[in-house]
Amino acid sequence: MHRVIIFVCIVGFATFIHANSGNASVKKAVLEDIQTRYKVPGMSVLVASGGVTKPIIYPFSYYNGVRSNDTGGRVDANTYFPIASVSKVFASHLLMELVNSGKLSLNDPVKKWVPSAQFIKEVSVADVLSHQLIGRQSDTFFYDQRFNLITAIIERITQQKYEESIVKKLQAQFSSSEMIAYTASSTAQVRRAGQLASGHIYDGELQVIEHDFGVSASAGLIATPASLVNAGVKLMNLFVAQGDKAHVFDSANNNAMYSNGFFRHKLHDKDVLWSYGQYDGYASLWIIVPEEELQLVMLSNNNILSDASRLIFGDLTRSPLANWFTQHFICHKAECDLTRSNALADVHRKVYFSRYSKSAYTDAINGITALYPSKLSWERDGDLNLLHLSNYLFTVSHHLAYSPPHWSESEDALLLNDSHAVMLKNPYWLYYAGNVYDRRGDKVKANKAFTAILNIVDMPNHWTVNEAQVFLNKEK
């Protein structure tokens, strides 16, 4: 069976306008440093301004590195990268067209359209669209494969394959005249033509990997930076036409931190919409600042810029690219101290690479110790990022027989009461906490944490559930 990968290409866009001062070289030097430290073979970065109330210009672009460590080929403006979950932006707008035409309601139970969907409790289309646990935790982004149910819903309503629907959507609304649907076999031809970047994974050294991801509501689009910028201009014009530049969040859950493929965040007091993608072998980041008509697109051919930054937690300030963008394009002449954000982003990087050498492990621990007060407790303060870093380092120390980190331990046993209700319903928090407790030898608290995961009401077949069941079965 042939799988289809969709390529989004916009030709004839305005000539890039490169910043032509010493400041441009500073910006470039920072990106080169990021690319080196995160082991990225090839990276494209494009900053665009305008397109709504003023002409679009491109104040900065950066294309550096190779499409493949094996075959070479320089990354340029015409290099395509898979954008992974950024594809959800386009799937969401396709779904919303069906909602607006009365074909379905966001309040519909998913099982109305996909009877085979496995849930313990009723889950709505809006819950899936906003990555929520039955819509009750507006400040929690819950990542699982349920978003792909949007694929089946769209196919059921349109009575055609999803890739056919998304092709028509991109052509009609985003003017993608050069969009082409490729079969898996023809992607080799595109790669030979020097248009597609190969994926890379890092496990002590970079290795090229090949994928055939297929197309779904969750992923499958392949783009150049300019094609995403063009789509962003279309979206910003749509926001203006509807009288609300952030209307994208009204469609599913007004309190959600994520909806229609975008997170929402503030960067230096500016409301931003952002989306990220992560495959094995690729990372992507798309930031839109509607008020400023400003965009950043970053595409790269390994996953570390997304994975190490743990963008899955919805904290954009852990991304070195987001901090770079904030410093140079959002802050303007205003004071903008990103010292701590940059340090936290770098600690995430250090922890990610801590498994590759004892010196890297020690460097990661020293980085955390320098940033956090000595008495900070992830139990007491509910810091999901800190808990993830702790879990990662405890796991590394366990497998490589290093001395475990010695964080302060709160006597206020968070998991023995309801003092932090949101975290007690967050499967990531509970998994990381259970794992850290287990590494410490505190089986009672570990048991409570893993049991709490199983008590979350609509959690079948999530990886945290599987891990919890493994622990609890082992302890019987």
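The preceding data block contains the structure.
Now for a quick tour of the structure. (Residues numbered from 1 in each chain as written. Predicted model: local features only at pLDDT ≥ 70, side-chain atom pairs only at ≥ 80, totals over all residues. Heavy atoms only, no water.)

1. Looking at the overall build of the protein chain
Applicable threshold: A run of H or I in DSSP becomes a helix once it reaches four residues, and a run of E becomes a strand once it reaches two; helices and strands are each numbered from the N terminus. Exposure is judged per residue with a 1.4 Å probe applied to protein chains only, and the accessible area is read against the type maximum: over 50% gives exposed, under 20% gives buried, and values in between give partly exposed. Here a residue-residue contact requires only that any non-hydrogen atoms of the pair lie within 4.5 Å.
If you tally the helices and strands in the protein chain, you get 18 helices and 14 strands. Considering the protein chain as a whole, with its 476 residues, one finds that 58% of them fall into the buried category. Restricting to contacts in the protein chain with at least 6 residues of sequence separation, those with at least 24 account for 68%.

2. Things to note about the packing of aromatic side chains
As a reminder of what qualifies: Aromatic rings from Phe, Tyr and Trp, taking only the six-membered ring of Trp, are treated as a pair when their centres fall within 6.5 Å; an angle between ring planes under 30 degrees marks them as stacked, one over 60 as edge-to-face, and anything in between as tilted. Cation placement over rings: the criterion is NZ of Lys or CZ of Arg within 6 Å of the ring centroid and within 35° of the ring normal.
Under the definition given, this model contains 22 aromatic pairs. Through pairs of rings, three or more aromatic residues link up here, namely Phe313, Tyr428, Tyr431, Tyr432, Phe450, Trp463 and Phe471. Geometry around Phe147 places Lys88 over its ring, the cationic atom sitting 5.0 Å from the centre.

3. Digging into the pairing of strand E14 (residues 294-300)
The test is simple: Whether two strands pair comes down to DSSP finding at least two bridges between them.
Burial analysis of E14 places seven of its seven residues in the buried class, the great majority of the element. Direction of pairing for strand E2 (residues 42-49) relative to E14: antiparallel, over a ladder of seven bridges. Paired with Met43 across the strands is Ser300, a residue of E14. Pairing between strand E13 (residues 282-289) and E14: seven bridges, direction antiparallel. In the sheet register, Ile288 faces E14, and the bridge partner there is Gln295. Counting the residues in the hairpin turn of E13 and E14 gives four residues, including Glu293, whose phi is positive at 50°.

4. A closer look at the sheet that holds E13
The line we're drawing: Simply put, an axis is a line fit to the C-alpha atoms, just over the touching stretch for a helix, and the angle between two N-to-C directions goes from 0 to 180 degrees.
Across the sheet, eight strands lie side by side as E4-E3-E2-E14-E13-E12-E11-E10; this open sheet has antiparallel pairing. The open sheet has two edge strands, strand E4 (72-74) and strand E10 (258-259), and neither has a second partner. Strand direction decides the pairing type here: E2 and strand E3 (residues 57-68), joined by seven bridges, are antiparallel. Looking at the pairing, Met43 lines up with Asn64 of E3. Across the sheet, helix H10 (residues 320-330) is in contact with E2, E3, strand E11 (262-267), strand E12 (270-279), E13 and E14; its angle to E14 comes to roughly 150°.

5. Thoughts on the state of the cysteines
For clarity, the threshold we go by: By convention in this document, the label disulfide applies to cysteine sulfur atom pairs within 2.5 Å.
Counting across every chain of the model gives one disulfide. One disulfide in the model links Cys331 with Cys336; its S-S distance is 2.0 Å. The same class applies to Cys331 as to Cys336, namely buried.

6. Here we look at the side chain of Lys88
Looking at where Lys88 falls in the secondary structure, it is placed in helix H2 (residues 88-100). Dropping the residues within four chain positions of it, Lys88 is found in contact with His131, Tyr143, Phe147, Ala217, Ser218, Tyr258, Asn260 and Gly261.

7. Observations regarding the packing of H2 against helix H6 (residues 162-173)
What counts here: If an angle is under 35 degrees, it is roughly parallel; if it is over 145, roughly antiparallel; if it lies from 65 to 115, roughly perpendicular; otherwise it is oblique. Charged means Asp, Glu, Lys or Arg here, nonpolar means Ala, Val, Leu, Ile, Met, Phe, Trp, Tyr, Cys or Pro, and polar covers whatever is left, Gly included.
Relative to each other, H2 and H6 sit at 90°, their axes nearing to 10 Å. Here H6 runs roughly perpendicular to H2, going by the angle between their axes. For the pair H2 and H6, contact is made by Phe90, Ala91, His93, Leu94 and Glu97 and by Tyr162, Ser165, Ile166, Lys169, Leu170 and Gln173, respectively. Considered class by class, the residues forming the contact of H2 with H6 number six nonpolar, three polar and two charged.

8. Description of the packing of helix H11 (residues 339-352) against helix H14 (residues 384-400)
Our working definition: Whether a crossing is left-handed or right-handed is set by the direction in which the near helix is turned from the far one by less than a right angle, anticlockwise for left-handed and clockwise for right-handed.
Closest axis-to-axis distance for the H11/H14 pair is 10 Å, and the angle between their directions is 20°. Comparing the axis directions of H11 and H14 gives the class roughly parallel. Viewed along their axes, H11 and H14 form a crossing whose handedness is left-handed. Mapping the contact onto sequence places Val347, His348, Val351 and Tyr352 in H11 and Asn385, Leu389, Tyr392 and Leu393 in H14.

9. Quick look at the pairing of E12
In terms of burial, E12 is largely enclosed, as eight of its 10 residues are buried. Sheet topology note: the E11/E12 ladder contains five bridges and is antiparallel. When the bridges of E12 are listed, Phe263 appears paired with Trp274. The pairing of E12 with E13 spans seven bridges and is antiparallel. Along E13, the bridge assignment pairs Gln278 with Ala283. Two successive antiparallel strands, E12 and E13, enclose a turn made up of two residues, where Gly281 displays a positive phi of approximately 110°.

10. A short note on H6
The criterion, for reference: Here the expected span of a helix is defined as 1.5 Å times the quantity of residues minus one.
Compared with an ideal rise of 1.5 Å per residue, which puts 12 residues at 16 Å, H6 spans 16 Å between its outermost C-alpha atoms and is within 8% of the ideal. Taken together, the buried positions of H6 are occupied by Tyr162, Ser165, Ile166, Val167, Lys169 and Leu170.

11. Some points on the pattern of salt bridges
Test applied: When a carboxyl oxygen of Asp or Glu is within 4 Å of a side-chain nitrogen of Lys or Arg, the pair counts as a salt bridge.
For the structure shown, the criterion picks out 12 salt bridges. In this structure, Asp271 and Lys266 form a salt bridge, with 2.6 Å as the shortest nitrogen-oxygen distance. Residue Asp271 is classed as partly exposed on the basis of its relative accessible area of 46%. A salt bridge links Arg310 to Asp307; the shortest N-O distance between them is 2.9 Å. Among the residues examined, Arg310 registers a relative accessible area of 15% and is labelled buried.

12. Remarks on the environment of Ser357
As a reminder, the rule being used: Residues adjacent in sequence count toward polar contacts only when both atoms are side-chain atoms; beyond that, a polar contact is any pair of N or O atoms within 3.5 Å, and within protein one must be able to donate a hydrogen and the other to accept it.
Assignment of secondary structure puts Ser357 in the loop between H11 and helix H12 (358-371). For Ser357 and Gly204, which are 153 residues apart along the polypeptide, the C-alpha to C-alpha distance reads 9.4 Å. In terms of polar contacts, Ser357 uses its side chain to reach the backbone amide nitrogen of Ala360, at 3.0 Å.

13. A look at the nonpolar core
The criterion, for reference: Among buried residues, those of type Ala, Val, Leu, Ile, Met, Phe, Trp, Tyr and Cys that are joined through side-chain atoms within 4.5 Å constitute a nonpolar core.
Formed by 75 residues in total, the largest nonpolar core has its most connected members in Leu285, Ile287 and Phe325. When residues no more than four places from it in sequence are discounted, the contact partners of Leu285 are Trp274, Ser275, Tyr276, Leu296, Val297, Met298, Leu311, Leu316, Ser319, Leu321 and Ala322.

14. Some thoughts on H12
Stated precisely, the cut-off is as follows: For this quantity, the arc is that covered by the directions from the helix axis to the C-beta atoms.
The end-to-end C-alpha separation of H12 is 20 Å, in line with the 20 Å expected for 14 residues at 1.5 Å each. Along H12, the residues classified as buried are Ala360, Tyr361, Ala364, Ile365, Gly367, Ile368 and Leu371. The buried residues of H12 occupy an angular sector of 155° when projected down its axis, which confines them to one face. Projecting away from the buried face of H12 at angles above 90 degrees are the exposed residues Lys358, Ser359 and Ala370. The secondary structure elements touched by the buried residues of H12 are H11 and H14.

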